[in-house]
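The primary structure of each chain is shown beneath.
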Amino acid sequence: MSNQHYQQRNHKKHTLHLPKRIILLRHGQSAGNLDNSAYTKIPDPQIPLTPAGLAQARLAGTNLRHLISRSSSSSHWRVHFYVSPYLRTRSTLREIGRSFSKRRVIGVREECRVREQDFGNFQVEEGMKVIKETRERYGRFFYRFPEGESAADVFDRVSNFLESLWRDIEMNRLHHDHSDDLSLIIISHGLTSRVFLMKWFKWTVEQFELLNNPGNCEFRVLELGSGGEYSLAIHHTEEEMREWGLDSEMIADQKLRAHGNRGAWDDNCPCYLDTFFDPLADSDDNEYEDSDDKTPSDASSLQSFGVTLFCNFKWEKKTLFAGANKPKTTYRSLEGC
């Protein structure tokens, strides 16, 4: 990449206009929520909303419009919807749409990657009870339903969706006027929404297991804070987050994201060290001072040490050819904390 191209791309990133909010909303009450036997005779993607579910969706539309219009910095606000292809989510979207005029909705996209966890075609009611009991013993995240998916499988496709979402934002595929206050509303399912939050905030499997499923038409608002990070703590209270299953460490991280600047957030990088290690020493006490095994401090010293992993960064080694076919080795950071 030429230096000019790099500078242009870097400038584009610095001037990137992010959505003000990303809102995750679970569908309204479905026939399957009301009676599990519905799954034995109706394909899961075709399970409809109940009359109560339709009413919940209409009320959710009213509440969303009120939330967005009240908290937007100007009257120029817009929404863009992503929706799971299942009937119950599309019906929820249709009812929510009654609260928004055409000028407010800049787009809608059916997104298969935010669909419900696949439980394996038609469900046998008695057999599913045994399967779900087994899941509780095995662990909700890694247990894979026979002929279906695990939450880990859902995590993989949600991760892929997030990559596409960021490309849409970066390349302005949403056709967002940067003077408008934009909210992305993702109408999906309970587990899918929890997995989305897990991926977004880098929560561990253990932390995911703490989370409770949102109720029908409940929503979670990730709002952009003054420091450039999205947080649940801007719109939601600590009591709400505790009800959802967030522990004290997760809530503290949300508060830091909401009000701290990016530098402060980086200094308190939420890698949850105590989750992975026994208490670590604050310093090395010069343990490398006289050692031949000094840890390299930058990418240039990696070449002499011949390593590809140090601190919290992964490095990719590349061999390029300069003039006269002379090889030149470079390193590129792949992943940060």
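Shown above is the structure to which this text applies.
As a convention, each chain's residues are numbered from 1 in the sequence order in which they are written. Local features in this predicted model are restricted to residues of pLDDT 70 or higher, and side-chain atom pairs are both shown and tallied only at a pLDDT of 80 or more, whereas totals for entire chains, interfaces and linings draw on every residue. Each side-chain value is worked out from all heavy atoms of the structure, with water and hydrogens disregarded.

The subject of this paragraph is the packing of aromatic side chains. For Phe, Tyr and Trp, rings pair up if their centres lie within 6.5 Å, where Trp contributes its six-membered ring, and each pair is then called stacked (planes under 30 degrees apart), edge-to-face (over 60) or tilted (otherwise). Overall, the coordinates contain 13 aromatic pairs when judged by the stated rule. Taking the centre distance of 5.6 Å and the plane angle of 80° together, the rings of Tyr143 and Phe145 count as edge-to-face. Across the pair, exposure class does not vary: Tyr143 and Phe145 are buried alike. These aromatic residues form a ring-pair network of at least three members: Phe119, Tyr138, Tyr143 and Phe145. Buried means the residue's accessible area, taken with a 1.4 Å probe over protein chains only, is under 20% of the maximum for its type, while exposed means over 50%, and partly exposed covers the values in between.

The subject of this paragraph is the sheet that holds strand β5 (residues 219–224). With mixed pairing, the six strands of this open sheet are ordered in space as β3-β2-β4-β1-β5-β6. Edge positions in the open sheet fall to β3 (105–110) and β6 (230–231), since each of these has one partner strand only. One requirement defines pairing of two strands: DSSP has to find at least two bridges between them. In this text, helices come from DSSP runs of H or I with a minimum length of four residues, and strands from runs of E with a minimum of two, each type numbered from the N-terminal end. In terms of strand pairing, strand β1 (residues 21–26) meets strand β4 (residues 181–188) through six bridges, oriented parallel. Of the residues in β4, the one forming a bridge with Arg26 is Ser188. Against the sheet, helix α3 (residues 51–71) engages β1, β2 (77–83), β4 and β5, with an angle of about 165° to β1. When checking whether two residues touch, look at their non-hydrogen atoms; a contact exists if any pair is within 4.5 Å. Axes, fitted as lines to C-alpha atoms, cover a helix only where it is in contact. Angles between the N-to-C directions of the axes lie from 0 to 180 degrees.

Helix α4 (residues 87–96) sits mainly inside the fold: seven of its ten residues count as buried. Where α4 is concerned, the buried positions are Arg88, Thr89, Ser91, Thr92, Leu93, Glu95 and Ile96. Taken together, the buried residues of α4 touch β1, α3, β2, β3 and β4.

Turning to the pairing of β1, a few remarks are in order. For β1, a buried count of six out of six residues is recorded, marking the element as mostly surrounded by other parts of the structure. Here β1 shows no split at all, with Arg21, Ile23 and Leu25 on one side and Ile22, Leu24 and Arg26 on the other all buried. Here β1 runs beside β5; their pairing, made up of five bridges, is antiparallel. Pairing of Arg21 across the sheet is with Glu223, part of β5.

Core analysis: the largest hydrophobic core is formed by 38 residues, its most contacted members being Phe196, Trp203, Leu222, Leu232 and Leu246. With eight residues, helix α6 (residues 151–170) is the single largest residue contributor to this core. Within the second largest apolar cluster, 19 residues are counted, among which are Trp77, Phe100, Ile185 and Phe219. We define the nonpolar core as a collection of buried residues of types Ala, Val, Leu, Ile, Met, Phe, Trp, Tyr and Cys that are connected through side-chain atoms lying within 4.5 Å of one another.

Right, let's get into the packing of α6 against helix α7 (residues 190–201). α7 packs onto α6 with a crossing angle of 65° between their chain directions and a minimal axis gap of 9 Å. You can see that α6 and α7 cross each other, and the crossing is right-handed. Taken together, the residues of α7 that come into contact with α6 (itself represented by Ala151, Val154, Phe155, Val158, Ser159, Phe161, Leu162 and Trp166) are Leu191, Thr192, Val195, Phe196, Met198, Lys199 and Trp200. Ten residue types, Ala, Val, Leu, Ile, Met, Phe, Trp, Tyr, Cys and Pro, are classed as nonpolar, four, Asp, Glu, Lys and Arg, as charged, and the remainder, Gly among them, as polar. Considered class by class, the residues forming the contact of α6 with α7 number twelve nonpolar, two polar and one charged. It is the rotation of the near helix from the far one that decides the hand of a crossing: anticlockwise by less than a right angle makes it left-handed, clockwise makes it right-handed.

The subject of this paragraph is the environment of Ser231. Along the chain, Ser231 turns up in strand β6. For Ser231, a relative accessible area of 0% puts it in the buried group. The spatial distance from the C-alpha of Ser231 to the C-alpha of Val221 is 7.9 Å, given a sequence separation of ten residues. Apart from residues no more than four positions distant in its own chain, Ser231 is found in contact with Phe201, Val221, Leu222, Glu223, Gln254, Arg257 and Ala258. Under this definition, polar contacts are N or O atom pairs within 3.5 Å; protein pairs additionally need one hydrogen-donor-capable and one acceptor-capable atom, and for neighbouring residues in sequence, both atoms have to be side-chain atoms. In this structure the side chain of Ser231 is engaged in a polar contact, spanning 2.6 Å, whose partner is the backbone oxygen of Gln254.

Everything listed here is a matter of geometry and, on its own, says nothing about what the molecule does.
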